[in-house]
Amino acid sequence: MGPTLLIGVDGATFSVLDPYMERGVMPFLRGLVERGTRAPLRSVMPPLTPPAWTSLVTGKRPGEHGVFDFFQKEEPDSVYFHFASSQDVRSETIWSLASDQGRRVISVNFPLMFPPPAVDGCVVPGGMMPWRQLRLGCHPPGLFDRLKQLPAFKPREMLDMELEVKAIEGCPDDEYAQWVESHIRREQRWGDVARHLIHEEPAELIGVMFDGVDKLQHLCWRFIDPACAPAQPSAWEQEMAERCQRYFSTLDAMIADLVALAGPDATVILASDHGFGPTRDVFHVNSWLEREGYLAWSDRSNGDADRAGTELGFAEMTRHVHAVDWTRTLAYAATASSQGINIVSRTPGTDDPLPEEVRRKLAGELSDGLRALRGPDGERPLVDEVWTREEAFSGPHAELGPDVSLILADGGTMSILPSETLVVRREEPRGHHRWEGIFIATGPGIRAGTKVDELSIVDIAPLVLHQLGLAVPDDMTGRVPIEILEEDELDRRPPRRVAAAASSHPVDRPAELDLDPDEQAEVLERLRALGYVE
Amino acid sequence: MTQIDPAVLESVLDLLNELSGDWEYEGVVGPDTYFLADLGLESLDIVVLGTMIQQQYGRLPFAEYLEELGQRPVEERDVSVAEVVAFVCEHRQPSFEEV
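Being a predicted model, the structure only gives us computed values, none of them experimental.

> In this structure, what is going on with the overall build of chain B? I would like to understand it.
Across its full length, chain B carries 4 helices and 0 strands. Walking chain B from its N terminus toward its C terminus, one meets helices and strands in the order α-α-α-α. With the C-alpha coordinates aligned to their principal axes, the bounding extent of chain B is approximately 35 × 30 × 25 Å. Sequence-distant contacts in chain B: of pairs separated by 6 or more residues, those separated by 24 or more amount to 70%.

> Honestly, the packing of helix H2 (residues 27–35) of chain A against helix H12 (residues 235–262) of chain A in this entry has me stumped. Any pointers?
Two measures define how a pair of helices packs: the angle their axes make with one another and the distance between the axes. All names here are of chain A. Where H2 meets H12, the axes come as close as 7 Å, and the angle between the chain directions of the two elements is 50 degrees. In terms of orientation, H2 lies oblique with respect to H12. The segment H2 lies against H12, with Pro27, Phe28 and Leu29 engaging Asp252, Ile255 and Ala256. When the residues that make up the contact of H2 with H12 are grouped by side-chain class, the tally is 5 nonpolar, no polar and 1 charged.

> Before we go on, may I ask you to explain the sheet that holds strand E11 (residues 340–343) of chain A in this structure?
Hydrogen bonds between backbone groups are what pair the strands of a sheet, and the pairing can be parallel or antiparallel. Residue and element names in this part refer to chain A. Judged by pairing direction, the sheet is antiparallel, and its 4 strands sit side by side in the order E10-E11-E13-E12 without closing on themselves. The sheet is open, and its two borders are formed by strand E10 (331–332) and strand E12 (383–388), each paired with just one other strand. In terms of strand pairing, E12 meets strand E13 (residues 404–408) through 5 bridges, oriented antiparallel. Residue pairing in the sheet places Thr388 in a bridge with Val404 of E13. On the sheet, helix H15 (residues 356–372) packs against E10, E11, E12 and E13 and is oriented at approximately 175 degrees with respect to E12.

> Looking at this structure, I do not really get the interface of chain A and chain B. What am I missing?
Residue-level contacts link 19 residues of chain A with 19 residues of chain B. Taken together, the elements giving at least two residues each to the side of chain A that touches chain B come down to strand E4 (81–83), helix H6 (134–137) and helix H14 (320–323) of chain A. Considering every element that reaches the side of chain A that touches chain B, the biggest residue donor is E4(A), with 3 residues. For the side of chain A that touches chain B, the residue count by class is 10 nonpolar, 4 polar and 5 charged.

> Hey, could you run me through the domain arrangement of chain A in this one?
By a frequent convention, interface size equals the accessible area lost on bringing the separate parts together. Residue and element names in this part refer to chain A. Assigned domains within chain A: domain 1 (4–274 + 435–498) and domain 2 (279–429). The gap between the C-alpha centroids of domain 1 and domain 2 is 29 Å. With 26 residues of domain 1 in contact, the opposing surface of domain 2 contributes 28 residues. Secondary-structure elements contributing two or more residues to the side of domain 1 that touches domain 2 are helix H4 (62–65), strand E3 (71–73), helix H9 (161–169) and helix H11 (212–224). Split into classes, the residues belonging to the side of domain 1 that touches domain 2 amount to 15 nonpolar, 3 polar and 8 charged.

Definitions and limits used
Sequence order sets the numbering: in each chain, residues are counted from 1 along the sequence as written. Chains carry letters and ligands carry numbers; both start at the beginning, A for chains and 1 for ligands, and go up in the order they are written. Predicted model: local features are reported for residues with pLDDT of at least 70 only, side-chain atom pairs are reported and counted for 80 or more only, and whole-chain, interface and lining totals are derived from all residues. Note on conventions: DSSP H or I runs of at least 4 residues are helices, E runs of at least 2 residues are strands, and numbering of each starts at the N terminus. Note on contacts: each residue gets a C-beta atom placed from the backbone, and two residues are in contact if those atoms are within 7 Å. Helix axes are fitted to C-alpha atoms over the stretch in contact, other axes to C-alpha atoms as well, and angles between N-to-C directions run from 0 to 180 degrees. Angle categories: roughly parallel below 35 degrees, roughly antiparallel above 145, roughly perpendicular from 65 to 115, and oblique for all the rest. Note that Gly is not counted as nonpolar here; it falls among the polar residues with everything else outside the nonpolar set of Ala, Val, Leu, Ile, Met, Phe, Trp, Tyr, Cys and Pro and the charged set of Asp, Glu, Lys and Arg. Should DSSP find at least two bridges between two strands, the strands are taken to pair. Domain borders in the structure are assigned automatically or taken from a domain database.

Structure below.
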């Protein structure tokens, strides 16, 4: 049996790839679709890189694996957030499961791989891994120095955070061209590292991530989506559309190289963590909370009032700790990316725990308030979907997630910065995340030329294990998507489930905050005095 | 003032000197080297270094420490190696004191 090659394409969506395939920009991908099975791939809540890729490699949802955002709550009752790392993934992954069962692995540019797991094989972490620390993230020891011998190995270019920030917050027009070119170069460098490892470190499970699609679609959606293209593009707009097209054409060639290297017997799975679509609206969620009386800014946040209305606060993530007056705040959004609102765990101004029934009541109030909001036209709802934590997440780590999660009606983005205007409309459309990502697979036992209905992102890990000849642990929520497999294959090798091994990632939980009835009454009385409950 | 454990200082300096070779930093990192002004690090670099240090010394209140740093006036946000080591020594858990 050949290796399993998992190619991650962050943010890829068929609404972009199909036109490029039809126009001959991505001929290899078109052939791959014709030779294999394709399906929309449903992401998880929130449809965001850290939780979604973690779901893809664990076969579990965020409440089950514990990753919700780029920054994580320290504890369920903490207002402090830390940078999410592999230590926050409280589950086995395809990397650890394959390695533990004698399958060598290569993992290139996947997020949440730092500190690297001690697998049999090679790990070069990606995501928000700072280039200066990449040495620490490479596994096994000595790999970084071996990679340094490669002309293509340029950590500074491969993990340039400035590219990331500009994707979200924007950049001047005269920087776009260089910005797109940087992504082409960056993908080529990651592709070269992957090719080198496939040559030199043969493995049964090879994972390679390309994350430029997400970045390009955030900033350059109007040059990529034919539906957004201006009828009479300026010379600059035409040039940008061509540059973006060149990015996708280069990506197609790199995918072709990797598939060729994996060999004719390989299983190839190409998947994205979420889809993409156009958006214009920016919702200043903390300012809405302030207006509704749930949040008060501290004196130290005054300087932010002059910021541009469409900035999301990427550089201010987690600064809520000092931007908010905790003696007068009940709910806050810590990051723009979380798509969520957190309710404080202490009664404002005290060290007393906020009673659970009050938390639930507040979550209900916030949900109702969000549903009642209207968009810039004053008529259509601003928010498309709202969930309380209980509705959005289940599992042992659900308490680390936001108390209320939302998806804006135009797929829009939240800003955590203060603003006089609650909803600010961008002049030009940007791209933002959607539920439907992509799934394409070819290989032994996989149907050719087939389209199937939507799969779930949590189905990928079981499929990877199945193709490696391994059983699927019974604690995985996902399933082997048998509709993509040929009948012969199912007869010959039906998917197998096994009891999950005892977790090697113990849950570090604080003691329960139990209050006796008198204490609860006292806390409620204090909240009434503050005007938080009736 | 917190006592600096020489073993912790040596360990952190070893780590930084190993990494700084990849940053085209030609000097030697010492206790008085500043992360931002001398090494040219960005805030996320310090966050990730914190993750590595915590792997060695157990969980530390790094998020709180970084938030506090972020609140200082811009010109006072930099921090020296000795200051970070003092923070580690002050907050490491007893079971990691011999590490």
